[in-house]
Amino acid sequence: MNVERMNKKLTKKVRVGNTFIGGDAPITVQSMTNTKTEDVKSTIEQILKLEEYGCDIIRVAVTNFESASALKIIKKNIHIPLVADIQFDYRLAIESAKNGADKIRINPGNIGDKEKVKEVVKVLKYYGIPLRIGVNSGSLQKELLAKYGAPTADALVESALREVRLLEELDFTDIVISIKSSDVLTMIKAYESVSQKVDYPLHLGVTEAGPLIKSTVKSSVGIGVLLYKGIGDTIRVSITGDPVEEVKVGIELLKSLNLKKYGINLISCPTCARCNVDLISIADKVERRLTSIKEPLNVAIMGCAVNGPGEAREADIGIAGGNKNFVLFKKGKIEKTVAESEVVDVLIDEIKKLLDEKKNIVKRQ
Ligand code: SF4
């Protein structure tokens, strides 16, 4: 993956199963299942679907001993690191680690006293598993809420640092930190502050960010601002909806900052009165037929001759609309004119040919 991130803060590199978070590792995209974890069949199916869409790390809620035990089977049937999310019962963290979890997430506000954390750490050390301290504005410790009056950035940071210091006292440093707030500005401030204080990798996210459009905007602003400043090592876009959408938005977010090259980068215009083709439906069909492609490729779908030829020429492949037809550009050169009725099929064929050519070049090198 191409990572153009000269200003990225070099954090500690932590191994999570078959991947890494932090240091010089590429920024990973995470999601969380919304099936019942103990419903092993549905959970595995959902994780495999998320893998297909490019999810790098998956988290499941472990709410009881049945779901902790389900991790054994889930782990055997998936290919990406599995994170166990523990909220109240520290014994579930221990059980999850024993059953193959690649990382444990605990919420300091919900896990309770030091002795319990000590017990968890003992097991994590034994299995070589990292821990995410996942502070959340909705579940801050009562005394911090009383001290600060609200889940402010300082309160969230203090909660995370308390846990960090405790883990350090226990000689445990395989730590990832998240400090999520549902308020974008609080979240940005909190991550900026904690990034200045510790070198552990940061898991970025706006929590409880809402349905697709609202979450996409909030997450892109919150996560995007931080990544642009060099802060953050892994991300999760939280959406009320299908977790596949979380992965899609997360990947597009990284692509927009040039932090990941993955799949089709679609450049398409919004259309206007100059457009004499049904561009919206064409762009929609092309996008849907290209979702399984993982190789990076720039594809332009433009409505008319104003900006169309320019964008289409700059992309790897593109079409610019005319009067019920399109001009097809490949590698900056005009290839042919295609009737509107055939343009989707022709464009898809040409994209496949282009990807095959790229693969053959790589093989020959
Ligand atoms: Fe309008 Fe043409 Fe621009 Fe599309 S490319 S928005 S049709 S001027």
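Residues numbered from 1 in each chain as written. Predicted model: local features only at pLDDT ≥ 70, side-chain atom pairs only at ≥ 80, totals over all residues. Heavy atoms only, no water.

A.B. asks: For the sheet that holds strand 5 (residues 82–86), give the residues involved together with the corresponding values.
C.D. replies: Here eight strands make up an open sheet; going across it, the order is 8-7-6-5-4-3-10-9 and the pairing parallel. Two strands lie at the open edges of the sheet, namely strand 8 (175–180) and strand 9 (203–204), each paired on one side alone. The sheet contact formed by strand 4 (residues 57–61) and strand 5 spans four bridges and is parallel. Counterpart to Ile58 in the pairing with strand 5 is Leu82. Where helix 7 (residues 153–169) meets the sheet, it contacts strand 6 (103–106), strand 7 (131–136) and strand 8, and its direction lies at approximately 155° from that of strand 7. (Pairing = 2+ DSSP bridges. Helix = DSSP H or I, 4+ residues; strand = E, 2+ residues; numbered from the N terminus. Contact = heavy atoms within 4.5 Å. Axes fitted to C-alpha atoms, helices over the stretch in contact; angles between N-to-C directions.)

A.B. asks: An account of the environment of Met32 is needed here, citing residue identities and associated values.
C.D. replies: With respect to the element layout, Met32 can be found in strand 3 (residues 28–32). You can call Met32 buried: its relative accessible area is 15%. Separated by 35 residues in the primary sequence, Met32 and Ser67 place their C-alpha atoms 14 Å from one another. Once residues lying within four places of it in the same chain are set aside, the contact partners of Met32 are Ile58, Arg59, Val60, Ala61, Asp85, Arg236, Pro243 and Glu246. (Buried < 20%, exposed > 50% of the residue type's maximum accessible area, 1.4 Å probe, protein only.)

A.B. asks: Talk me through the pattern of salt bridges; I want residue IDs and the actual numbers.
C.D. replies: For the coordinates displayed, the defined rule picks out 26 salt bridges. With a shortest N-O distance of 3.0 Å, Asp199 and Lys9 are connected by a salt bridge. Pair noted here: Asp199 is in the loop between helix 8 (184–197) and strand 9 and Lys9 is in the segment before strand 1 (14–16), with a separation of 190 residues, a long-range link. On the basis of relative accessible area, Lys9 is assigned to the partly exposed category, the value being 22%. A salt bridge links Lys255 to Glu252; the nearest nitrogen and oxygen atoms lie 3.1 Å apart. Taken together, the positions of Lys255 and Glu252, both in helix 10 (residues 243–256) and three residues apart, correspond to about one turn of that helix. The class of Glu252 is partly exposed, set by a relative accessible area of 40%. (Salt bridge = Lys/Arg side-chain N within 4 Å of Asp/Glu carboxyl O.)

A.B. asks: Which residues make up the pairing of strand 15 (residues 333–339), and what values go with them?
C.D. replies: Two faces, one strand: in a regular strand the side chains alternate between the faces of the sheet. Where strand 14 (residues 325–330) lies against strand 15, six bridges are found, and the strand directions are antiparallel. In the strand pairing of strand 15, Phe329 is matched with Ile334. In textbook terms, the turn of a hairpin is the stretch between consecutive antiparallel strands, and for strand 14 and strand 15 this stretch comprises two residues, one of which, Lys331, has a positive phi near 50°.

A.B. asks: Let's hear about the domain arrangement of the protein chain: which residues, and what values?
C.D. replies: Assigned domains of the protein chain: these are domain 1 (14–256) and domain 2 (264–364). The centre of domain 1, based on its C-alpha atoms, is set 38 Å off from the matching centre of domain 2. Between domain 1 and domain 2, a total of about 260 Å² is buried, with carbon and sulfur atoms accounting for 40% of that surface. The three residues of domain 1 that bury the most area against domain 2 are Glu52, Tyr53 and Lys255, which together make up 80% of that side's buried surface. Our enumeration of links across domain 1 and domain 2 arrives at zero salt bridges. Linking domain 1 with domain 2 are two residue pairs in polar contact (both at pLDDT 80 or more). Grouping the amino acids of the side of domain 1 that touches domain 2 by side-chain chemistry returns one nonpolar, no polar and three charged. (Domains from an automatic or database assignment. Buried area = accessible area lost by both parts, 1.4 Å probe. Polar contact = N/O pair within 3.5 Å; in protein donor to acceptor, adjacent residues only side chain to side chain. Nonpolar A, V, L, I, M, F, W, Y, C, P; charged D, E, K, R; others polar.)

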